[in-house]
Amino acid sequence: MIQINNFLVSLQGCNSMQKLKKIHAQIFVSGCHSDPSIIKKLLNFCAVSVSGNLSYARVLFGQIENPSISAWNSIVRGSSQSPFPLEAILFYNRMIQDGHCCPDKYTFSFLLEACTTAKVDRKCREAHGSIIRHGYLFSVSVYTNLVRSYGGSGSVETAKKLFDEMLEKDLVAWNSMISCYSQAGLHTEAMELYDQMRTSSVEPDEFTVVSLVSCCAHLGALSFGVEMHKFAEENGFTVNVFVGNALIDMYAKCGSLERACQVFSRMKRKDLSTWNSIIVGLGVHGCGDEAIWFFRQMLGEGVGPNSITFIGLLSGCSHQGLVTEGVKYFHRMRSEFCFNPGIKHLGCMVDLFGRAGKFEDALQFIENSDASDDPVLWRILLNACRIYKNVAMGEVAMGNLIRANCQNAGDCVLMSGIYADTGDRQGVSRMRKMIKYQGIKTTPGWSRIDIASVVHKFIVDDKSHKDIKEIHSMLKDVIQKARLAGYVEEKSLAIGVQPTEECSEEWMGNSNHSHSEKLAIAFGLARTPPGTTLRIVKNLRVCRDCHSLTKFISKAFDGEIVVRDRIRFHHFKDGMCSCRDFL
């Protein structure tokens, strides 16, 4: 007994597989290898510990004649957290077939974790049936994990149905459902559920704050994000690095870089995600020099970058036109830090050359890359050709998209715009026919604006808003004042299609329709005091006419307008835009 206790003490202080194997050898020689308490310690370390080894755990488990429920739970848990979570389901099935042990609430929690990681709805439903058969449906922890598992596998409606049926909802249950909504992109629903949570007298914690702040980032709901920040400060949550990272990301995505930098500077503990959040945030705002400065600070503090860091760096260099710096950091990423570039890194480089008008460099870069057949790169090049009205290179890019059968409505409109700008009516006609006869799908355009903590959404030619008559009236006045400030409506020969489609909203300033961004700006001007910064979030790129109009609105109304489109941020002030008219 003394010897067994000594082994247990040794295992308790074990911190590596090398040490564990030595102890295991001593245990085996002493003949204590069949003792249940020792088996439990060995298996738990190998299967669950960060320093463990799941393969070794499987061997250990295979030597147990009649595994206890504790042993089954260890191997199921370890498998659920591995890169092969479906193995946890196989072990669970073996346990049921073995018949010597009945699963407990921990077994089902680990099983559901495996279903969540594997994102297999069918397995989640099978686990649900097993939970009912074994009488664990009324366990709060199991039920909560079931909600999380359905949400993680994409069955959000089923998750919400189960959540509504819960007789007892604790903080973990509320967090699980809010997280399900957030991860599924149902950000408005997550924020509405938070309101219900507060009325149920359940106080949020750090996990709640991170999920909701993430929702604010996606929606552009700055006002609500500021409220959550204040709540986090009042409750001491801002010391949590995950909360701080979420706040930096939210402020950057809502167009408030100053606040993002303030949160960053106040954080006592910073991890790689913290640095990435601020570098990426600066990058999409076109602040390349600042992104480089933070990168150097990060290296100076001994924090190594990852591939995301370089996306932020290269994006910043691209948007600011820092060609030399961008090329240098791209090569450093590969040579010094040994990261293979992904499609986003390659896209940043094509954009970097394209924005600078270096089309031959961009073409050579694409052709020499491992992703020369990826439509993303050709699409980026096509956009640069539109800015510089380069018909020849535009046709090269469009030809590659057509050969790959990857052309979409936006591509056709880009090429149509190039033809239109050079007066080529036949080219415009060809693009129109391609959209019409090939049935190319388009994407509806929308814009959101946050007014007094309420996010309002507009679609092109919107008639659904309750104040739409007032908004259209305000829009007429806004356009009139912009004209007095120098605005001239963009004219184009390019494609005219239905106003709800991507190619109409994204590129063409069709005066017969009210684009969603114009409606959002008019509504913002009508509902806020003079001088208020308006913040717009779009799902598509800003069209040329909207971009031109917004510049002159910022001049006529002496205010700042921040627009986050699909690609980057545009800061409009005093009749100028931070993108320098490179849309």
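Going by the structure above, here's the rest.
A brief structural summary. (Residues numbered from 1 in each chain as written. Predicted model: local features only at pLDDT ≥ 70, side-chain atom pairs only at ≥ 80, totals over all residues. Heavy atoms only, no water.)

A short note on the overall build of the protein
Okay, so step 1: Looking only at helices and strands, the protein features 30 helices and six strands.
Okay, so step 2: Dimensions of the protein, computed from the C-alpha atoms along their principal axes, are close to 95 × 55 × 50 Å.
Okay, so step 3: Per-residue burial over the protein gives 53% buried out of 583 residues.
Okay, so step 4: Pairs at least 24 residues apart make up 64% of the contacts formed inside the protein by residues separated by at least 6 positions. (Helix = DSSP H or I, 4+ residues; strand = E, 2+ residues; numbered from the N terminus. Buried < 20%, exposed > 50% of the residue type's maximum accessible area, 1.4 Å probe, protein only. Contact = heavy atoms within 4.5 Å.)

Section: the pairing of strand S3 (residues 534–538)
Okay, so step 1: Counting buried positions along S3 gives four out of five residues, so the element sits mostly inside the fold.
Okay, so step 2: Both strand S1 (residues 446–451) and S3 contribute to a ladder of three bridges, which runs antiparallel. Within S3, the residue paired with Ser447 across the bridge is Lys538.
Okay, so step 3: Here S3 runs beside strand S4 (residues 561–564); their pairing, made up of four bridges, is parallel. Each residue of the ladder has a partner; that of Val537, found in S4, is Arg564. (Pairing = 2+ DSSP bridges.)

Looking at the packing of aromatic side chains
Okay, so step 1: For the coordinates displayed, the defined rule picks out 19 aromatic pairs.
Okay, so step 2: On the numbers, 6.1 Å between centres and 55° between planes, the contact of Phe353 with Phe365 is tilted. With Phe353 in helix H21 (residues 343–355) and Phe365 in helix H22 (residues 359–368), the pair connects residues that are 12 residues apart, well separated along the chain. Like Phe365, Phe353 is buried. (Phe/Tyr/Trp six-rings, centres within 6.5 Å; stacked < 30°, edge-to-face > 60°.)

Structural notes on helix H27 (residues 468–484)
Okay, so step 1: In this model H27 runs 24 Å from its N-terminal to its C-terminal C-alpha over 17 residues, within 8% of the 24 Å that 1.5 Å per residue would give.
Okay, so step 2: Turning to H27, its buried residues number three or more, namely Ile468, Ile471, Met474, Leu475, Val478, Ile479 and Ala482. Projected onto a plane normal to the axis of H27, the buried residues spread over an arc of 140° and lie on a single side. Exposed residues lying more than 90 degrees from the buried face of H27 are Lys469, Lys476 and Leu484.
Okay, so step 3: Positive phi appears at Gly486, one or two residues downstream of H27, with a value of about 120°. (Expected span 1.5 Å × (residues − 1). Arc of directions from axis to C-beta.)

Here's the deal with the side chain of Ser80
Okay, so step 1: In this fold, Ser80 is placed in helix H5 (residues 69–80).
Okay, so step 2: The exposure class assigned to Ser80 is buried, which follows from its relative accessible area of 1%.
Okay, so step 3: Within the structure, Ser80 has its side chain in polar contact with the backbone oxygen of Arg77 (distance 2.6 Å). (Polar contact = N/O pair within 3.5 Å; in protein donor to acceptor, adjacent residues only side chain to side chain.)

Brief notes about the side chain of Thr550
Okay, so step 1: Relative to the helices and strands, Thr550 resides in helix H30 (residues 544–556).
Okay, so step 2: Engagement of the side chain of Thr550 in a polar contact is seen with the backbone oxygen of Cys546, the distance being 2.6 Å.

Notes on unusual backbone geometry
The general pattern is negative phi for most residues beyond glycine and trans for most peptide bonds.
Okay, so step 1: The phi angle at Ser201 is positive, at roughly 65°, despite the residue not being glycine.
Okay, so step 2: In this structure, Ser201 sits in the loop between helix H12 (187–199) and helix H13 (206–219).
Okay, so step 3: Here Asp558, not a glycine, exhibits a phi torsion of approximately 50°, which is positive.
Okay, so step 4: Tracing the sequence through the fold places Asp558 in the loop between H30 and S4.
Okay, so step 5: Residue Asp558 is classed as exposed on the basis of its relative accessible area, which comes to 60%.

Some thoughts on the packing of helix H19 (residues 307–320) against helix H20 (residues 323–335)
Okay, so step 1: Where H19 meets H20, the axes come as close as 9 Å, and the angle between the chain directions of the two elements is 160°. By the angle class used here, H19 and H20 are roughly antiparallel. Between H19 and H20 the crossing geometry is left-handed. Taken together, the residues of H20 that come into contact with H19 (itself represented by Phe310, Leu313, Leu314 and Cys317) are Glu325, Gly326, Tyr329, Phe330 and Met333.
Okay, so step 2: Taken together, the residues that form the contact of H19 with H20 break down as seven nonpolar, one polar and one charged. (Axes fitted to C-alpha atoms, helices over the stretch in contact; angles between N-to-C directions. Parallel < 35°, antiparallel > 145°, perpendicular 65-115°, else oblique. Left-handed = near helix turned anticlockwise from the far one by under 90°. Nonpolar A, V, L, I, M, F, W, Y, C, P; charged D, E, K, R; others polar.)

A look at the pattern of salt bridges
Okay, so step 1: Counting across every chain of the model gives 17 salt bridges.
Okay, so step 2: Between Arg198 and Glu203 there is a salt bridge, and its shortest N-O distance comes to 3.9 Å.
Okay, so step 3: Take Arg198: its relative accessible area is 35%, and that puts it in the partly exposed class.
Okay, so step 4: Residue class for Glu203 comes out partly exposed when judged on its relative accessible area of 47%.
Okay, so step 5: Within the structure, one salt-bridge network assembled from shared partners comprises Lys466, Asp467, Glu470 and Arg527. (Salt bridge = Lys/Arg side-chain N within 4 Å of Asp/Glu carboxyl O.)

No statement about biological role is implied by the geometric values presented.
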